[in-house]
Amino acid sequence: MSADNLDALVVTHLPNIFYLSSFSGSSAILVVTPSDATLITDPRYTVQAKQELAETKAKVQIARGPLLMAAGEQLKAIRARHVGFEAARITVVQKGTLDGAAGKRTRWVAWDGRIEKARAVKDTEEIQTIREAGAIACAAWADILPLVKVGALESDLAAEIEYNMRRKGASGPAFDLIVASGERGALPHARASRKAIKKNELVVFDLGAILRGYSSDLTRTVFVGRAPREVRRCYKAVLEAQEAARLALKPGVHSEEVDAAARRVLQGAGLGDKFIHSTGHGLGLEVHEMPRIARGDKSVLQPGMVVTLEPGVYFEGQGGIRTEDDALVTERGAEYLTQANRELIELG
Ligand code: ZN
Ligand code: ZN
């Protein structure tokens, strides 16, 4: 803030507010100045805000009206001139409210991505939490494998996984779980539907657990029946692509090199055009955060970053295969935080 000569910073993105203040409610604005910080929230969170901010020096202000109005009025009261804000996280209407309350003298500075950049490198406690969230996802998935058989509904399997995750301590699923069988597996982001699993289908599971605010993200693909040779070949190529990405993942490397390592393996197997998304993404307080592991991404990887590695291949009208694990960038390379069985499992 001092490098940018800011008198104040208005934080509106809730994961950033949680990161800076420990407040986990769904309605808040954090106003940070060089000397203090104020969390503005509404009366529903009076007790929670006091409890969660007890170990910080931040003040809590309970607003009776719109939070943005209260934030603007505070900026006016402390005569803040240069004010940073998260331009990409706020609507035009919200900015208008803030503007109106802060007054004409305020000079707004778009200050996006700075907190996200700090969040990308995790400390020991954050890594341990993601590791535990990963273990919950792995165990919740492995536990339901006996239920994966001909006639089972995708939505029932998703419900069982979610129930298991909560029983194992998760506060909830990190996103709408994906259970995509047969031709639905060709849609990389197909949510669980009422479709029943048939004989000789691939089933893609993509799931994650939230633990103490942090998410895990895991994908496994199984085959119901005896997998044909071509399915085995594609599955093996996806696993090899993932391992190539893990070996490429290390400090000092650009994100795009990790993506390229996975892509090269699938291209070599004649599957380059079937890999229709990027190799991975950062993982933490949000399921998708910095850094992206994608083509053209020049982010420099650092120890403490946690990213997913999730190559996949998709065949329209037939099905899909994806394997996804969460990986920690270490001093020397990368280590998986999720340990569920990666070999092709044949069921039923
Ligand atoms: Zn996923
Ligand atoms: Zn993912």
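The rules behind the values
- Residues numbered from 1 in each chain as written.
- Chains lettered and ligands numbered in written order.
- Predicted model: local features only at pLDDT ≥ 70, side-chain atom pairs only at ≥ 80, totals over all residues.
- Heavy atoms only, no water.
- Salt bridge = Lys/Arg side-chain N within 4 Å of Asp/Glu carboxyl O.
- Axes fitted to C-alpha atoms, helices over the stretch in contact; angles between N-to-C directions.
- Helix = DSSP H or I, 4+ residues; strand = E, 2+ residues; numbered from the N terminus.
- Parallel < 35°, antiparallel > 145°, perpendicular 65-115°, else oblique.
- Left-handed = near helix turned anticlockwise from the far one by under 90°.
- Contact = heavy atoms within 4.5 Å.
- Nonpolar A, V, L, I, M, F, W, Y, C, P; charged D, E, K, R; others polar.
- Domains from an automatic or database assignment.
- Buried area = accessible area lost by both parts, 1.4 Å probe.
- Donors = N, O, S within 2.8 Å, 3.2 Å for Na, K, Ca; no water.
- Tetrahedral: all angles 85-135°; square planar, octahedral: opposite > 155°, others 65-115°.
- Buried < 20%, exposed > 50% of the residue type's maximum accessible area, 1.4 Å probe, protein only.
- 1 Å grid on protein atoms, 1.4 Å probe; cavity = no way out; pocket = protein on both sides within 12 Å on 5 of 7 lines; lining within 4 Å.
- Points joined across faces, edges and corners; volume = space filled by probe spheres on them.
- Pairing = 2+ DSSP bridges.

With respect to the pattern of salt bridges
Now for step 1: Inspection of the entire model under this criterion finds 27 salt bridges.
Now for step 2: Each of the salt bridges in this network shares a partner with another, and the network as a whole consists of Arg119, Lys122, Glu286 and Glu289.

A look at the packing of helix H6 (residues 124-144) against helix H7 (residues 154-167)
Now for step 1: Look at H6 against H7: their axes get within 9 Å of each other, and the N-to-C directions meet at 135°. Compared by their axis directions, H6 and H7 come out oblique. In this structure, H6 crosses over H7, and the sense of that crossing is right-handed. For the pair H6 and H7, the contacting residues are Ile136, Ala137, Ala140, Asp143 and Ile144 in the first and Leu157, Glu160, Ile161, Asn164 and Met165 in the second.
Now for step 2: In terms of residue class, the contact of H6 with H7 is built from seven nonpolar, one polar and two charged.

Examining the domain arrangement of the protein
Now for step 1: Each assigned domain of the protein is listed with its residue range as follows: domain 1 (8-119) and domain 2 (124-347).
Now for step 2: Inter-centroid distance (C-alpha atoms) of domain 1 to domain 2 is 35 Å.
Now for step 3: Counting residues at the interface gives nine residues for domain 1 and seven residues for domain 2.
Now for step 4: In total, domain 1 and domain 2 occlude about 630 Å² of area from one another, counting both sides; carbon and sulfur atoms represent 58% of this.
Now for step 5: When the buried surface of domain 1 facing domain 2 is broken down by residue, Phe18, Tyr19 and Arg119 rank first, second and third, together holding 61% of it.
Now for step 6: With a closest N to O distance of 2.9 Å, Arg119 and Glu286 form a salt bridge.
Now for step 7: Of all the secondary-structure elements, those providing two or more residues to the side of domain 1 that touches domain 2 are helix H1 (14-21) and helix H5 (114-120).
Now for step 8: Class assignment of the residues belonging to the side of domain 1 that touches domain 2 gives a composition of three nonpolar, two polar and four charged.

A look at the coordination of the zinc ion (ligand 2)
A four-donor tetrahedral metal ideally has 109.5 degree angles, and a six-donor octahedral metal ideally has angles of 90 or 180 degrees.
Now for step 1: With distances of 2.1 to 2.2 Å, the protein atoms coordinating the zinc ion (ligand 2) are Asp217 (OD), His281 (NE2), Glu310 (OE) and Glu324 (OE).
Now for step 2: What the four donor atoms of the zinc ion (ligand 2) show is an angle range of 79 to 154° at the metal, which sorts the shape as irregular.
Now for step 3: Coordination of the zinc ion (ligand 2) draws on donor residues from a single chain, spaced D-x63-H-x28-E-x13-E in sequence.
Now for step 4: Between the zinc ion (ligand 2) and the zinc ion (ligand 1), a separation of 3.1 Å is found, and both are coordinated by Asp217. Of this pair, Asp217 sits in the loop between strand E11 (214-215) and strand E12 (218-224) while His281 is found in strand E13 (residues 280-282), placing the two residues 64 residues apart along the sequence.

Re the coordination of the zinc ion (ligand 1)
Now for step 1: Taken together, Asp206 (OD), Asp206 (OD), Asp217 (OD) and Glu324 (OE) make up the protein donors of the zinc ion (ligand 1), found 2.0 to 2.5 Å from the metal.
Now for step 2: Coordination geometry of the zinc ion (ligand 1): the four donor atoms subtend angles of 55 to 150° at the metal centre, consistent with an arrangement described as irregular.

Brief notes about H1
Now for step 1: For H1, the complete set of buried residues consists of Pro15, Asn16, Ile17 and Ser21.
Now for step 2: Of the surrounding secondary structure, the elements contacted by the buried residues of H1 are strand E1 (8-11), strand E2 (28-32), strand E3 (37-41), helix H2 (46-52) and H5.
Now for step 3: Backbone geometry just after H1 places Ser22 at a positive phi near 75°.

A few points about the packing of helix H8 (residues 229-248) against helix H9 (residues 255-268)
Now for step 1: Interhelical geometry of H8 versus H9 gives an angle of 155° and a closest axis separation of 8 Å. Classed by the angle they form, the pair H8 and H9 counts as roughly antiparallel. Classified by chirality, the crossing of H9 by H8 is right-handed. Listed contacts from H9 to Ala237, Val238, Glu240, Ala241, Ala244, Ala245 and Ala248 of H8 are Glu257, Val258, Ala261, Ala262, Val265 and Leu266.
Now for step 2: Its residues assigned to classes, the contact of H8 with H9 comprises 11 nonpolar, no polar and two charged.

Describing the layout of surface pockets
Now for step 1: In this model, the largest pocket occupies a volume close to 360 Å³.
Now for step 2: One number sums up the size of the second largest pocket: a volume of about 300 Å³.
Now for step 3: Lining the second largest pocket are Phe18, Tyr19, Ser22, Asp123, Glu125, Glu126, Thr129, Arg212 and Tyr214.
Now for step 4: Elements that contribute at least two residues to the lining of the second largest pocket include exactly H1 and H6.
Now for step 5: Per-element accounting of the lining of the second largest pocket gives the leading share, three residues, to H6.
Now for step 6: Considering only residue class, the lining of the second largest pocket consists of three nonpolar, two polar and four charged.
Now for step 7: When residues of the lining of the second largest pocket are sorted by domain, at least three fall in each of domain 1 (8-119) and domain 2 (124-347).

Points about the sheet that holds strand E9 (residues 201-207)
Now for step 1: Spatially, the four strands line up as an open sheet ordered E8-E9-E12-E20, and their pairing is mixed. Looking at strand neighbours, the two that pair on one side only are strand E8 (178-181) and strand E20 (345-347), the edges of this open sheet. Ignoring which end each strand starts from, the neighbouring axes of this sheet average 25° apart.
Now for step 2: The sheet contact formed by E9 and E12 spans seven bridges and is antiparallel. Across the sheet, the residue bridging to Val203 is Val222, located in E12.
Now for step 3: Along the sheet, H7 contacts E8 and E9; its crossing angle with E8, the most-contacted strand, is approximately 150°.

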